[in-house]
Amino acid sequence: MDVLVKGAGPAGCTAARLLAASGFDVLLVERPRTGPDHQMVVEQSVAPASAAGVSRLLLSFGGEAPRDFGRSGMVICSYRTLVESLREAAVAAGAVIATAVPDEDLPGLVVDATGAPPHGERPGHGWTVTGTWRNCAVEGTVVTHLTQPDDENPRAAPAVVRVVPVSGAPGTATVSVTTMSSRPLAGDRIESVVRAADPRMAAAVAVSPLTVYPVNAGFAPENAIRDGALAVGEAAGLVNPFTGDGISYAIRSAEIAAEAVARHRNDPSRVSDAYQAGLRASFVGYFHSARHAIRHYHLAWRILSSSASSEHPFFRQSHRAVLFGGAMAHDALRARREPADPVRLYLAPFTMACNEVAVRRIGDEWPLLAMHTLGGRDGLHRGIRPSALFAGALMAAGDHPDVRQVPVAAAIELALLGALAHSVPAGEASAPSCGVDWRYASSVMAADYLLATATDVLTTARPDLAAAFAAWLTSLVALRAEHKTEALFETFFEFPARLGAYTAGSDDATVDVLRQFGRTCGRLFLLSEDRALLLERRGRLDTTLTGALAARLTGLPVRFGQLSENEMRARRNVLTEKLDETIAGELRAVDESVAKAVPARCERVLRYLARSLANPVPGLDEEAAR
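Numbers given to residues run from 1 along each chain, matching the order in which its sequence is written. Since the coordinates come from a predicted model, pLDDT governs what is reported: local features require at least 70, and pairs of side-chain atoms require 80 or more to be given and counted, while whole-chain, interface and lining totals use all residues. Water and hydrogen atoms play no part in the side-chain values, which are based on all heavy atoms of the structure.

A. Region of interest: the pattern of salt bridges. Any carboxyl oxygen of Asp or Glu that lies within 4 Å of a side-chain nitrogen of Lys or Arg is treated as forming a salt bridge with it. On inspection of all chains with the given rule, the structure shows 25 salt bridges. Here glutamate 259 and arginine 252 are joined by a salt bridge, their closest N and O atoms 3.7 Å apart. Each residue's exposure class comes from its accessible area (1.4 Å probe, protein chains only) as a fraction of the maximum for that residue type: buried when under 20%, exposed when over 50%, partly exposed otherwise. With relative accessibility at 37%, the residue glutamate 259 sits in the partly exposed group. Across the pair aspartate 591 and arginine 607 runs a salt bridge whose closest N-O atoms are separated by 3.4 Å. Of the two residues, aspartate 591 is situated in helix α21 (residues 572–594) and arginine 607 in helix α22 (residues 600–614); the sequence distance between them amounts to 16 residues. Residue arginine 607 is classed as partly exposed on the basis of its relative accessible area, which comes to 28%. Only DSSP runs of H or I reaching four residues or more are called helices, and only runs of E reaching two or more are called strands; each is numbered from the N terminus.

Below is the structure:
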């Protein structure tokens with residue numbers, strides 16, 4: 001055999017399948033799984049065809065009303081069904097199954113997919129208690145509940161309740177209680193925590209023995225090589241420390257391991273470095289920040305709980321980060337299936353480096369904000385990535401973006417996140433807790449912190465740009481105060497384009513072209529968001545029409561007169577058609593402005609970015625949009 005894969009869970013089966021498909025002789029060693037089967041929530045892209053749909057995903061904090069995230073591309077299936085489907089795929093690809101490690105000498109390449117190691121008193125380690133419960137009135141609804149911390153115990157560990165209904169068994173659900181602590185919750189405490197998680201669980205009762213599993217959420221890339229083996233999935237600590245979920249991370253880490261092995265099949269000594277580099281690119285920001293937030297659970301909980309009912313994008317994305325974790329931050333399972341595109345080819349290394357700079361700068365001091373900086377990893381056509389626009393403008397010099405300018409891009413993104421926090425209106429104020437209005441206070445503190453940090457990052461890297469950066473920040477504050485929404489979004493995007501062109505050494509005519517291009521991008525972004533709001537779809541800002549109107553993050557009132565929200569909804573078809581016409585016109589203007597004004601490679605990227613911001617655009621087929 002060429003590769004030994006120890007452990008036939010989701011990570012092990014995925015690694016075995018990919019390696020066997022790449023031509024390696026793979027031995028997959030599985031251990032008999034003890035304990036009952038249980039239901040789980042996974043991304044639809046990795047689930048077997050028999051998986052049941054999810055009608056709603058609810059997230060709640062303490063006694064606050066739950067937040068509804070809809071279906072969000074998730075489905076329900078049993079753990080055994082998922083593993084069996086992945087195991088069959090591994091065998092079909094050519095992997096050989098064994099029940100024990102052979103006595104012969106092991107190959108040079110070993111993948112460790114054995115799950116969480118024995119529990120220890122280390123950060124990021126905890127326990128999950130799982131069982132089958134009845135009298136759960138949650139048909140089709142997945143509930144995730146974070147308990148309220150003990151005010152008198154600052155070291156109290158978080159407890160997370162996850163309720164997943166069992167398909168075809170009304171009133172029955174798999175219930176898991178996860179705690180990042182040195183010991184699991186006691187049986188009598190579990191019942192009270194589960195019943196308090198949601199009113200529909202008030203009469204819930206366990207009908208199966210409760211099974212206790214160790215949880216390892218202590219991920220660090222340097223610890224992913226154990227005794228020469230590539231640790232994947234939970235063996236590497238890749239578990240969402242807020243919820244105990246880890247399936248998507250397990251599969252993604254197995255993909256990274258298989259890619260590293262296949263890329264360096266003739267030089268095994270480089271496999272470990274390649275694997276660690278892949279893990280850093282995919283996971284460092286989120287897991288570093290989430291683990292740090294767990295250590296400061298009380299502060300994180302106060303902020304998240306106080307904003308539970310807010311539809312403002314700044315808070316909405318915080319809750320999504322907790323619920324979906326890396327799935328939100330990386331979306332690797334879908335992104336890997338997309339065909340190669342110029343953005344990934346030219347800009348992905350630059351934007352990933354931008355993420356790393358931003359996360360390292362703010363991750364320790366304010367981890368929840370660090371999660372926001374990762375929101376664009378689900379593909380540049382979905383995320384808000386001014387760094388991509390800055391990098392695209394750098395290409396006006398005719399070459400790939402200069403990674404030495406990454407700190408400038410990171411400063412721009414931190415500043416724009418600060419502007420988003422600054423847009424939380426005073427009307428968002430919530431009832432004080434312990435004498436503090438945590439919702440509004442956290443947004444004000446976050447805005448000040450981010451703007452100050454952005455300024456420090458930029459002036460340290462490029463002091464010659466400090467005056468232009470300060471003028472830009474001043475204009476953002478002024479436009480926000482004057483409620484000039486369209487001009488605000490134009491300025492969001494104009495500055496990265498202008499600064500990128502200037503940094504690349506472009507002539508004045510090219511700088512002017514890219515400034516206009518940036519303004520157009522700002523309008524396209526706002527137009528596509530407004531279109532999504534009218535159609536009651538979640539856009540990039542992840543808010544509703546009500547939330548956008550309250551936060552003044554929509555151009556609809558100015559564009560169509562001061563219509564009421566009800567009038568907008570009643571006329572959505574007419575208004576949407578007008579937005580479509582405007583979007584098409586803006587795209588035509590982009591094509592005309594950048595044609596022959598910049599090198600062909602830069603032109604291709606700029607056109608792609610414009611269409612990505614406008615996506616989806618009626619009247620353009622997929623190939624034309626690409």
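B. Geometry of the sheet that holds strand β8 (residues 96–98). By this definition, two strands are paired if DSSP reports at least two bridges between them. Reading across from one edge, β8-β2-β1-β9-β17-β16 is the order of the six strands in this open sheet, with mixed pairing throughout. Each end of this open sheet is capped by a strand with a single partner; those strands are β8 and β16 (225–226). As paired elements, strand β2 (residues 26–29) and β8 share three bridges and run parallel to each other. By the bridge assignment for β8, leucine 27 is matched with valine 96.

C. Just the sheet that holds strand β7 (residues 74–78), in detail. Taken in spatial order, the three strands make up an open sheet running β3-β7-β4, and their pairing is antiparallel. In the strand order of this sheet, the two ends are held by β3 (39–43) and β4 (52–53), each with one partner. In this sheet, β7 lies alongside β3 in antiparallel orientation, the contact comprising five bridges. Directly across from valine 41, in β7, lies its bridge partner isoleucine 76. Across the sheet, helix α2 (residues 79–93) touches β3 and β7, and the angle it forms with β7 is around 90 degrees. Residues count as neighbours in contact if any of their non-hydrogen atoms are within 4.5 Å of one another. Interaxial angle, 0 to 180 degrees, is taken between N-to-C directions of lines fitted to C-alpha atoms, where a helix line uses only the stretch in contact.

D. Layout of unusual backbone geometry. At aspartate 227, a residue that is not glycine, the phi angle is positive and equals roughly 55 degrees. The topology assignment puts aspartate 227 in the loop between β16 and β17 (229–231). For aspartate 227, a relative accessible area of 86% corresponds to the exposed category. A positive phi is found at arginine 552, a non-glycine position, where the angle reads about 55 degrees. As for its placement among the helices and strands, arginine 552 is situated in the loop between α18 (545–551) and α19 (556–559).

E. Spotlight on the environment of leucine 451. With respect to the helices and strands, leucine 451 occurs in helix α14 (residues 438–461). Residues leucine 451 and leucine 416, 35 residues apart in the sequence, show an inter-C-alpha distance of 8.2 Å. Leaving out residues up to four positions away in the same chain, leucine 451 has contacts with Ala415, Gly418, Ala419 and Leu473.

F. Broad picture of helix α12 (residues 386–394). Most of α12 is tucked away, with nine of its nine residues classed as buried. Among the residues making up α12, those that are buried are Pro386, Ser387, Ala388, Leu389, Phe390, Ala391, Gly392, Ala393 and Leu394.

G. Main features of the packing of helix α17 (residues 508–534) against α22. The N-to-C vectors of α17 and α22 enclose an angle of 20 degrees; their axes lie 8 Å apart at closest approach. The angle between the axes of α17 and α22 places the two elements in the roughly parallel class. For the pair formed by α17 and α22, the contact residues are Leu514, Phe517, Cys521, Leu524, Phe525 and Ser528 on the first element and Leu606, Ala610, Leu613 and Ala614 on the second. Residues are grouped as follows: Ala, Val, Leu, Ile, Met, Phe, Trp, Tyr, Cys and Pro are nonpolar; Asp, Glu, Lys and Arg are charged; every other residue, Gly included, is polar. Looking at the contact of α17 with α22 residue by residue, the classes come out as nine nonpolar, one polar and no charged. Relative orientations are named as follows: roughly parallel for angles under 35 degrees, roughly antiparallel for angles over 145 degrees, roughly perpendicular for angles from 65 to 115 degrees, and oblique for any other angle.

H. Region of the structure containing the environment of threonine 243. Relative to the elements of secondary structure, threonine 243 occurs in the loop between β17 and α4 (247–263). Placed 66 residues apart in sequence, threonine 243 and valine 177 show a C-alpha to C-alpha distance of 8.9 Å.

I. Highlighting the nonpolar core. Nonpolar cores were defined as sets of buried Ala, Val, Leu, Ile, Met, Phe, Trp, Tyr and Cys residues, with membership established by side-chain atoms within 4.5 Å. The biggest cluster of nonpolar side chains holds 86 residues, and the ones touching the most others in it are Phe314, Ile412, Phe469 and Trp472. Among the nonpolar cores identified, the runner-up in size contains 51 residues, and Phe219, Ala231, Ile247 and Tyr249 belong to it.

J. A look at the side chain of glutamate 494. Considering the arrangement of structural elements, one finds glutamate 494 in helix α16 (residues 485–503). Whenever a nitrogen or oxygen atom comes within 3.5 Å of another N or O atom, the pair is scored as a polar contact, on the condition that within protein one atom can donate a hydrogen and the other can accept it, and that pairs from neighbouring residues in sequence are kept only if both atoms are in side chains. In this structure the side chain of glutamate 494 is engaged in a polar contact, spanning 2.6 Å, whose partner is the side chain of arginine 498. Leave out the neighbours within four places in its chain, and glutamate 494 touches Arg515, Gly518 and Arg519.

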